[in-house]
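Residue-level listing of the chains:
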Amino acid sequence: MPRTGVFLCHCGSNIAGTVNIDQTIEASRNFPGVVHVDEYRYLCSEMGQDIIKKAIEDNNLDRVVVGTCSPRMHENTFRKAAAEAGLNPYLLEVANIREHCSWVHKDMEEGTPKAIALLRAAAAKVALNEALEAPKLEVEKRALVIGGGIAGIQAALDIAEAGYPVDIVEREPSIGGRMAQLEKTFPTLDCSACILTPKMVEAAQHPNINLITYAEVEEVNGFVGQFDVKIKQKARYVDPVKCTGCGICWEKCPAKAPSEFEMGLAKRKSIYVPFAQAVPMVPVIDKETCLYFRKGRCQICEKECPPQAIDYEQQDEIIERRYGAIVVATGFDQMDPSIYGEYGYGQHPDILTGLEFERLFNASGPTGGKVVRLSDGKPPKKVVFIQCVGSRDKARGMNYCSKICCMFTAKQAILLKEKLPDAKSYVFYIDVRTAGKGYEEFQRRAAEEYDVAYLRGQVGKIFPEGDHLVVHGVDSLSGKVVDIKADMVVLSAASIARADAPELGRKIGINTDSYNFFNEAHPKLKPVETHTAGIFIAGACQTPKDIPDTVAQASAAAVKAVGLLSKEMLQGEACTAEVDEAECSGCLHCVAVCPYTAIDAKEIEERYGDGTLKRTVAEVNPALCQGCGSCSAICRSGSINQKGFSNEQILAEVDAICLQR
Amino acid sequence: MAENNVENLKKIREAVSQDLLGGRIDLLLGWEKGHYWWQSRPLFARTEEDLEKLTWDSFCAINLSRYLLDELKDFQKVGVLVKGCDARAFNRLLQDNMVVRDRVTLYGLPCPGMLDYDRLAEVAEAAPEGIIEQNGKVTIKTADGEKSADRDDLLADKCRDCIYPDPVVYDQLLLSPVGKKEAPEKFTAIEKLEEMSAEERYSYWEKELSRCLRCYACRQACPFCSCRECFVEQQNPRWQGRAYQASENFMFHLVRAYHGAGRCIDCGECERACPVDIPLQELNRKLTKDINQLYGDYEAGLDAELEPPLLTYRPDDPAAFSEK
Ligand SMILES: Cc1cc2nc3c(=O)[nH]c(=O)nc-3n(C[C@H](O)[C@H](O)[C@H](O)COP(=O)(O)OP(=O)(O)OC[C@H]3O[C@@H](n4cnc5c(N)ncnc54)[C@H](O)[C@@H]3O)c2cc1C
Ligand code: SF4
Ligand code: SF4
């Protein structure tokens, strides 16, 4: 018979309010194997833990049940306490009384019997618990950063500065991300390139940073401390070692294609770097439009390249490398606002998104830095900004606020006035949201010093009339209909998750929220962690955010990664799966469902008649097993069992609950 | 079948005896006549003499593929005669990693459907003493005389809703194909069950399952039951109580049905084997129907290369729960 102690926590009044503590404690005394019961206001406090430790020592307890909050919350706290009192930590079970009773039942009538049932089940389970030992795992002292926007660059720099090697995998030919597309940055109006380019260069030159641009993550296996990653390096058709970035090739290349960096507002060559300050300054050939790849003739770049860096035979390559930690920083996209038919986006060249408009200010942008109408090249006199296009729109767009649009609109209105003092801006908004250091002041300046007219209300329709665009809206403060003859319209299209975020999430084993942004492990207390140990998130891939927040989060993620890399050893999973070879029929269904590829087939030899027989069984690699239990659920014969959650233990729990009814 | 029975049997025997005598197979799994004229039982042929007993008539309902589980332990190379359902059962075993493909030779026998003694008796309204088959008609001889009926009306339950009478996998096809069939009634019984209230459905199953003798004939006949030790017999943990009462019977049959979810090849062997006529196929078909609804149409056993729905993950897999 085990000697089990049951400890019930009041959780202040959280549990005590809906569970009759005395009654529950009395009932617990009679569970099989229970020799000691106690209760306390806050078991997780130091005092509470001492009560448990002392009881273990005084009463010679060899099993412990705590009735508290979710094991996700404090299982570790209590296991540690048990270990300090000399008990194997896996001989302790948590009954989740707070979430399963107090938070779902209104009164003691319902809460109390359920609490008793759950404790009884836990006591029945713990009687079958075995002492387990968590394996020690090595940590590969290298980090991977996926995405080379400002978030990825900052995280990589911080990790590198802490002394660990780090690879940045960037999908585009250059790092820089969205910030490279920006002209100036609110709220201080520093030039984006002036503050970003030095960081890009620093990253490229840092001895601990290795840039893998024009590449994507193909596959991630393994686990915290030992992620085995396959990276696909797309063929550039340019040898990065030989290339000097002289630019002759893209100057001479006769073929053109819409520039992704300019969002189609300008052309680039078939051999190109996305923008003038690209890092690395090594072009790529876009196979789809290259004359040589399409028609077999041209090869001008090859002829012109002084160091003969062009290599049409280059192939995609797979780089395989192990990392201890991963930071995901893949950023965001702007929504395509053409689903809002009333705004006419895509049907008129003078209706742009915020990001497109931003490019018109840039000296190397599609208009050479002149803010002009794309229809006729004339400077606009009246520009109307429309806020919340696709944001805060339950019906057709995203429920959330994109957070940055109010600010970049104020910024663009200011920049416009500075470029074209005669121009007038109008902003249609629902609310102006400017929380942030110096933000409110910045927006007020736009309204007060830069003559920007803020109209609270919505736009019903935009239609061309002569060479104008009539913006037909309602000013909801005055109740009046307003028609503005605008020269240009700028839509603050919602910031949305990257289209491939869920797919990437699946590859690396982290999940996304209902908008496809990556989920943090806790909205308040674990904002850069994910539910997968060793994988962190930073920047706009988590939710829309501005540069200051992005950078702060990137540094936070870097600290978490560094904290992990600096550990000598990690504790592995103790509750791994185990195969009963005598029972296992070798169907290998478990292999198919294991998300961590922790199971393999193995041949065994068995006595049969007078001879032996070879047959296949499953075998778990305990270093890879994360104890998810999928295999145990699919196995019909119950031949694969998870330690700490064995079929015996679970049936004992079920029996304990049923018997009590 | 009867008209060219002799000729068909000759073809089959020629093909298999060549292989057996030539050493390409060490054992042939086929059928021989059983105790009664209306029963054909498995034949385990190792010699030419054994092959003399081989039969192929309208009573070869028993699915032979399952016997491979045992025979492959004793024989290196085994040949099996496979009808449509035997072939699908073979794919089941293949997907469950229970057989090694190149140790088995499959002789495909397109199947016109097997006849059922009870159906014959029902139609003849007397104890049948023999049959004569001709042109899709069956003449049933009884002590009182003769009765003629359409062959299709005399089919065994397991054959009535058969869609794939032709083997879907084989090494040699010995007879000419009969073609894919329609089975519009396949899920009718299930739809009726779904229309019942939960209470009605419970009492329906309580009544049916209370007859269960727990002889496990269904399991022994089933190609998806290939565990080394069935959960009902396991001692640690004891999933299954030993008492012959409805709740324990429920436990056995429901768990077995779940173990077949997305795996049952709809051969109907469980129901054929059941001595007390429990409509076990309804449990399996219910799960097949649900799985099709949830994950798109999937027919277990048709193609061993196609991943079963419960062993694959697609991002858009639904997480719905059906209460019926
Ligand atoms: C019009 C506009 C104006 C703005 N103005 C300002 C401003 O003035 N001040 C301010 O503070 N903020 C501003 N912002 C916000 C700013 O752009 C973001 O805060 C910032 O870009 C977020 O950085 P990030 O690194 O998280 O994402 P991103 O900049 O999006 O970078 C992500 C990087 O990851 C790469 N990537 C994506 N997917 C993959 C993949 N699967 N594999 C590998 N690499 C991948 C991308 O190519 C990209 O390089 C503005 C935004 C917009 C739209
Ligand atoms: S452990 Fe179970 S699921 Fe895995 S191969 Fe063995 S019998 Fe099949
Ligand atoms: S518990 Fe089973 S399925 Fe889950 S990781 Fe371990 S071996 Fe794989």
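Residues numbered from 1 in each chain as written. Chains lettered and ligands numbered in written order. Predicted model: local features only at pLDDT ≥ 70, side-chain atom pairs only at ≥ 80, totals over all residues. Heavy atoms only, no water.

Structural notes on the site of ligand 2
The immediate surroundings of ligand 2 are formed by A:C584, A:S585, A:G586, A:C587, A:L588, A:C590, A:A618, A:C635, A:S637 and A:I640. Of the residues in the shell around ligand 2, the class split is seven nonpolar, three polar and no charged. (Near = heavy atom within 4 Å. Nonpolar A, V, L, I, M, F, W, Y, C, P; charged D, E, K, R; others polar.)

A look at the site of ligand 1
All names here are of chain A. Taken together, 38 residues are adjacent to ligand 1, and E170, R178, K411, K545 and I547 come closest. Residue R498 places a side-chain N or O atom 2.9 Å away from an oxygen atom belonging to ligand 1. Within the complex, the protein chains bury 99% of what would otherwise be the 1,000 Å² of accessible surface of ligand 1. Every element with two or more residues in the shell around ligand 1 is listed here: α6 (150-161), β7 (166-170), β8 (184-185), β19 (332-334), α11 (354-360), α12 (405-419) and α15 (547-565). Looking at side-chain class alone, the shell around ligand 1 contains 16 nonpolar, 11 polar and 11 charged residues. (Polar contact = N/O pair within 3.5 Å; in protein donor to acceptor, adjacent residues only side chain to side chain. Areas by Shrake-Rupley, 256 points an atom, 1.4 Å probe, with all protein chains shown as cover. Helix = DSSP H or I, 4+ residues; strand = E, 2+ residues; numbered from the N terminus.)

As for the packing of helix α8 (residues 198-210) of chain B against helix α10 (residues 246-259) of chain B
Residues and elements named next belong to chain B. At a minimum axis distance of 9 Å, the contact between α8 and α10 shows a crossing angle of 95°. Considering their axes alone, α8 and α10 lie roughly perpendicular with respect to each other. Note on element contacts: α10 touches α8 through A246, N249, F250 and H253, opposite Y202, W205, E206, L209 and S210. For the contact of α8 with α10, a count of residues per class yields five nonpolar, three polar and one charged. (Axes fitted to C-alpha atoms, helices over the stretch in contact; angles between N-to-C directions. Parallel < 35°, antiparallel > 145°, perpendicular 65-115°, else oblique. Contact = heavy atoms within 4.5 Å.)

Regarding the interface of chain A and chain B
In this assembly, 22 residues from chain A lie in contact with 22 residues from chain B. Both faces combined, the contact of chain A with chain B buries some 2,000 Å², and carbon together with sulfur accounts for 58% of it. Area buried by chain A at its contact with chain B is led by A:E583, A:H589 and A:R636, which between them contribute 30% of it. Applying the counting criterion to the chain A and chain B interface returns one salt bridge. One salt bridge connects A:E606 with B:R228, and the closest N-O pair in it is separated by 3.1 Å. Across the chain A-chain B interface, the total number found is six residue pairs in polar contact (both at pLDDT 80 or more). Going through the elements one at a time, α16 (589-593), β31 (599-608), β32 (611-620) and α18 (647-660) of chain A are the ones with two or more residues in the side of chain A that touches chain B. Of the residues assigned to the side of chain A that touches chain B, the class counts are 10 nonpolar, six polar and six charged. (Buried area = accessible area lost by both parts, 1.4 Å probe. Salt bridge = Lys/Arg side-chain N within 4 Å of Asp/Glu carboxyl O.)

Observations regarding the domain arrangement of chain B
Residue and element names in this part refer to chain B. Along its sequence, chain B is organised into domain 1 (5-114 + 164-173), domain 2 (117-151) and domain 3 (188-322). Domain 1 and domain 3 are separated by 27 Å when their C-alpha centres are compared. On the side of domain 3, 24 residues touch domain 1, which itself brings 17 residues to the contact. When the buried area of domain 1 at its contact with domain 3 is split by residue, R66, R92 and Q95 rank highest and sum to 40% of it. Our enumeration of links across domain 1 and domain 3 arrives at one salt bridge. In this structure, R263 engages D96 in a salt bridge whose closest nitrogen and oxygen atoms are separated by 2.6 Å. For the pair domain 1 and domain 3, the interface holds 12 residue pairs in polar contact (both at pLDDT 80 or more). Counting residues per element, the side of domain 1 that touches domain 3 draws most heavily on helix α4 (residues 84-95), which supplies eight residues. Of the residues assigned to the side of domain 1 that touches domain 3, the class counts are 10 nonpolar, three polar and four charged. (Domains from an automatic or database assignment.)

Focus on the side chain of B:N91
All names here are of chain B. With respect to the helices and strands, N91 occurs in helix α4. Judged by its relative accessible area of 3%, N91 is buried. When sequence neighbours within four positions are dropped, the list of residues in contact with N91 reads V168, V169, G301, L302, D303 and A304. (Buried < 20%, exposed > 50% of the residue type's maximum accessible area, 1.4 Å probe, protein only.)

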